[in-house]
Amino acid sequence: MNKSGLERRNFLALVCASALTPSCLHAATRTVTDSRGRQVVLGAASRIACIGGTITETLYRLGAADQIVAVDTTSTWPETALKDKKSLGYMRAISSEGVLSVKPDLILAMDAAGPADAMSQLVASGIPIVFVDSTPSPDAIIGRTQFLAKVVNREQAGTQLAQDIQQKFSALKDWRNTHAASPRVLFIMRMTNNRPLAAGGGNGCRCRYPACRRRQCWGGSAGLQASEHRIPRDP
């Protein structure tokens, strides 16, 4: 059997094993509409695979950590997530076989997760997969929080968390109104192999940190930038 045939066989075997988990067979169902307009029927959601650090952090703050079985490598907060849960790799380089191997009964993925082929395979697997809006704005963050709370059936906790986030954004707005300076900002997203990776343009820090909304050193460059590029930008 050639390599592609073997990979397809392994994928189908994982699909069958995942689809037969007891939680999928016996849980009460409900339906949500995800960020791609898909109607997704949810079951117990007791074995959740999180693809996106935003999802992981939100579920932890909602008190749903025990429902998570695996996270991707952008799940850097809380720090215990990557230590306590199985790793799915980087959110833009996901393996569908790797996700299905943890036998999830629900997959939560940021809309920016990929590659596209892997996401299509997860959709085709029959395991409920919910895509979550990636828009980096205060309103989107609050809406995303409430949406995830609904997905994991913790809507009261979601209301409280959304109110807390709204209060913090209001405090940032007040701070911005009293600080007119426009510093050049270099936002370090994380350290990888002892090298800092800086955020490019169009990233989430622009809605969280008021200074970034004025003058971000990276201009129009999207994604993460390696450390050797940071000095010429003169932060």
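Structure first, text after, so check above.
From a predicted model like this one, the values you see are computed outputs, not experimental measurements. (Residues numbered from 1 in each chain as written. Predicted model: local features only at pLDDT ≥ 70, side-chain atom pairs only at ≥ 80, totals over all residues. Heavy atoms only, no water.)

(A) Broad picture of the pattern of salt bridges. Per the stated rule, a full pass over the model turns up four salt bridges. One salt bridge in this structure joins D111 and R36, with 2.6 Å as the shortest N-O distance. Residue D111 is located in the loop between β6 (106–110) and α6 (116–124), and its partner R36 is located in the loop between β1 (30–33) and β2 (39–42); the two are separated by 75 residues in the primary sequence. With a relative accessible area of 42%, R36 lands in the partly exposed category. R61 is the partner of D164 in a salt bridge, and the nearest nitrogen-oxygen pair spans 3.1 Å. Of this pair, D164 sits in helix α8 (residues 155–177) while R61 sits in helix α3 (residues 53–61); the two residues are 103 residues apart in sequence, bridging distant segments of the chain. Put simply, R61, D164 and K168 are held in one network by salt bridges that share partners. (Salt bridge = Lys/Arg side-chain N within 4 Å of Asp/Glu carboxyl O. Helix = DSSP H or I, 4+ residues; strand = E, 2+ residues; numbered from the N terminus. Buried < 20%, exposed > 50% of the residue type's maximum accessible area, 1.4 Å probe, protein only.)

(B) Up close: the packing of α3 against helix α7 (residues 138–151). It is the contact of α3 with α7, at a shortest axis distance of 10 Å, that shows an interaxial angle of 65 degrees. In this structure, α3 crosses over α7, and the sense of that crossing is right-handed. Contacts from T54, I55, T58 and L59 of α3 reach α7 at R144, T145 and L148. When grouped by side-chain class, the residues that make up the contact of α3 with α7 number three nonpolar, three polar and one charged. (Axes fitted to C-alpha atoms, helices over the stretch in contact; angles between N-to-C directions. Left-handed = near helix turned anticlockwise from the far one by under 90°. Contact = heavy atoms within 4.5 Å. Nonpolar A, V, L, I, M, F, W, Y, C, P; charged D, E, K, R; others polar.)

(C) Examining α3 more closely. When α3 is considered as a whole, its buried residues turn out to be G53, I55, T56, T58, L59 and Y60. Positive backbone phi, approximately 85 degrees, marks G63, located one or two places after α3.

(D) Structural view of the pairing of strand β4 (residues 68–71). Examined bridge by bridge, strand β3 (residues 48–51) and β4 share three bridges and lie parallel to one another. Note on β4: the bridge partner recorded for C50 is V71. Each parallel crossover has a hand, and for β3 linked through α3 to β4 it is right-handed. Two strands pair when backbone bridges link them, and β4 and strand β5 (residues 86–87) are joined in this way by two bridges, in the parallel orientation. Bridge pairing in β5 places A70 opposite K86. (Pairing = 2+ DSSP bridges. Right-handed = clockwise from strand over helix to strand, strands pointing away.)

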